[in-house]
Each structure stands twice: as C-alpha cells, then as structure tokens.
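Chain by chain, the residues:
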Amino acid sequence: MIKQKCCPECGAKLTLKELEHEGLIPYCENCKEYRFPMFNTAVSMICKYQDTILLIKQYHKPYYILVAGYLNLGEGLEDAVKREIKEEINLIPSKITFNTSKYYPASNTLMCNFILEFDDISSLKLNYEIDSYKWFKENEVLDNIKPDSLAKWFYLEYLKK
C-alpha cells in the first residue's frame, strides 16, 4: 500500500516498482526516481522527578498521556525534546536518555521516546496546549495513563530497563 500517492517533486502519481534488495518502492515514472516513503517524526517524553512521573491532559480529553511534540524541519531529536519540554512545561531536564521508538500509523509518524530527569521543577508552568498535569508515583502510572496508547507502550518499555 502506498501512503504517499504523489511525487513530492513533480506531483505525478506514484506506482510501486521493484528495487533490488529493497522490494516494492513507490516510483515516479515522470522523474524516473524511487520515492522512499515520507513520514512525520515526533518525540515523547517520560518526565521523571525523584520517584514520580509527569502525565498531562490535553485538548479537553479525559485521559493522561506523556508530553510529546513534532520535530521542526532540520531539528535533531534531542533539540526537539529540549524545545518541546521548555515550550509545554517550562522545565529544563538534567538528563536525557533515549528509551525506544515506534511507528504510529494513525498519523504516519515515527515516535521517538526519551526519558527525562529533572533536578528542579519549581519553574514548571503549563502552556496553552496542556489542560492539566499530575506527578504520579511510578507504580501508579499504568493505572492512570491512557489505556492501549502509545504512551502506555513507551512506559512499559521504560519499565523493562
């Protein structure tokens, strides 16, 4: 199945064509070029302060999730993590560690999850994107995070380490 239906260069319809060692790849007959699938990239963060984990509610939804956001064009993963955390909760992490990643087909997004540790949370201030937040003890997170969500999957991966 081709998620990207048109060539990003000329706009012509893409077809699937065999590429040696790669399989079926979208191909532009007009440009005579293979067009590897494009997708969004985002970061999500497990925010840790002492023995607690931050969960947030956004956009008037009733469930808790992790802080997350999309990368800007040309931005590195770690830079996006620092920017998103500063923008959304006004904190600066003392440590950033990669956790894991997973493709999320609903939004055609590669989600890259990080573990952030904070020494000081006194400057925490929510921006307009976040309705509310709560710091949960690590053993309370699974009972409070959105069920069957990517956020929960990331947290379960974190617990394995």
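Everything quoted here is computed from the prediction, not taken from an experiment. Counting of residues starts from 1 at the beginning of each chain's written sequence and follows it residue by residue. Under the rules for a predicted model, residues below a pLDDT of 70 receive no local features and side-chain atom pairs below 80 are neither given nor counted, while totals for whole chains, interfaces and linings still include all residues. Remark: hydrogens and water are excluded; side-chain values derive from all non-hydrogen atoms of the structure.

**Q** Explain the pairing of strand S2 (residues 23-28) to me, please; I cannot follow it from the model alone.
**A** Across a regular strand the side chains alternate sides, sitting on one face of the sheet and then on the other. Any two strands with at least two DSSP-identified bridges between them are counted as paired. Numbered from the N terminus, helices here are DSSP runs of H or I no shorter than four residues, and strands are runs of E no shorter than two. Of the strand pairs in this sheet, strand S1 (residues 14-19) and S2 are connected by six bridges, and their pairing is antiparallel. Following the sheet pairing, Lys-17 is matched in S2 by Ile-25. The hairpin turn running from S1 into S2, its antiparallel successor, is three residues long, and His-21 in that turn takes a positive phi close to 70°. Note that S2 and strand S3 (residues 33-34) share two bridges and pair antiparallel.

**Q** I would appreciate a short explanation of the layout of surface pockets in the present structure.
**A** Picture a little ball the size of a water molecule; that probe, rolled over the atoms, points out where space is still empty. In this analysis a 1.4 Å probe is tested at points of a 1 Å grid over the protein atoms alone, and where it fits but cannot get out there is a cavity; an open set with protein on both sides within 12 Å along at least five of seven lines is a pocket; lining residues have an atom within 4 Å of a point. Grid points are joined across faces, edges and corners, and a volume is the space filled by probe spheres set on the points. If you add up the space inside the largest pocket, you get close to 680 Å³. Forming the boundary of the largest pocket are 23 residues, of which Gln-58, Ile-65, Ala-68, Tyr-104 and Met-111 lie nearest the centre. Going through the elements one at a time, strand S4 (40-49), strand S6 (67-70), helix H1 (77-89) and helix H3 (150-160) are the ones with two or more residues in the lining of the largest pocket. Gly is put with the polar residues, along with every residue not named as nonpolar or charged; the nonpolar set is Ala, Val, Leu, Ile, Met, Phe, Trp, Tyr, Cys and Pro, and the charged set is Asp, Glu, Lys and Arg. Classifying every residue of the lining of the largest pocket by side-chain character gives 12 nonpolar, five polar and six charged.

**Q** Is there a simple way to explain the sheet that holds S1 in this structure?
**A** As a general point, the strands of a sheet are linked pairwise by backbone hydrogen bonds and lie either parallel or antiparallel. The sheet built from three strands is open, its strands ordered S1-S2-S3 with antiparallel pairing. Each edge of the sheet is formed by a strand with only one pairing partner; in this case those strands are S1 and S3.

**Q** Is there a simple way to explain H3 in this structure?
**A** Structurally, the α-helix is built with 3.6 residues per turn, so residues lying three or four positions apart point the same way. Only protein chains enter the accessibility calculation, which uses a 1.4 Å probe. A residue is then buried if its area is under 20% of the maximum for its type, exposed if over 50%, and partly exposed in between. Taken together, the buried positions of H3 are occupied by Leu-150, Ala-151, Phe-154, Tyr-155, Glu-157 and Tyr-158. Taken end-on, H3 shows its buried residues confined to a sector of 160°, consistent with a single buried face. Two residues qualify as a contact provided that any one of their heavy atoms is within 4.5 Å of a heavy atom in the partner residue. Among the structural elements, S4, strand S5 (52-58), strand S7 (95-104), strand S8 (109-118) and helix H2 (141-144) are those in contact with the buried residues of H3. Directions drawn from the helix axis to the C-beta atoms are what define this arc.

**Q** Is there a simple way to explain the pairing of S7 in this structure?
**A** As paired elements, S7 and S8 share nine bridges and run antiparallel to each other. Within the sheet, the bridge partner assigned to Tyr-103 lies in S8 and is Leu-110. Between the antiparallel neighbours S7 and S8 lie four residues, among them Asn-108 with a positive phi of about 50°.

**Q** Can you walk me through the pattern of salt bridges in this structure?
**A** For side chains of opposite charge, pairing can occur when their charged atoms come near one another. By salt bridge we mean one thing: a side-chain nitrogen of Lys or Arg within 4 Å of a carboxyl oxygen of Asp or Glu. Inspection of every chain in the model, using the stated rule, returns seven salt bridges. We note a salt bridge from Arg-83 to Glu-84, for which the minimum N-O separation is 2.9 Å. The exposure classification of Arg-83 matches that of Glu-84, with both residues buried. A salt bridge links Glu-157 to Lys-160, with the nearest nitrogen and oxygen atoms 2.9 Å apart. Residue Glu-157 and its partner Lys-160 are located together in helix H3, separated by three residues, close to a single helical turn. Since its relative accessible area comes to 63%, Lys-160 is described here as exposed. The network of salt bridges with common partners includes Glu-75, Arg-83, Glu-84 and Glu-87.

This is a description of form; function is not addressed.
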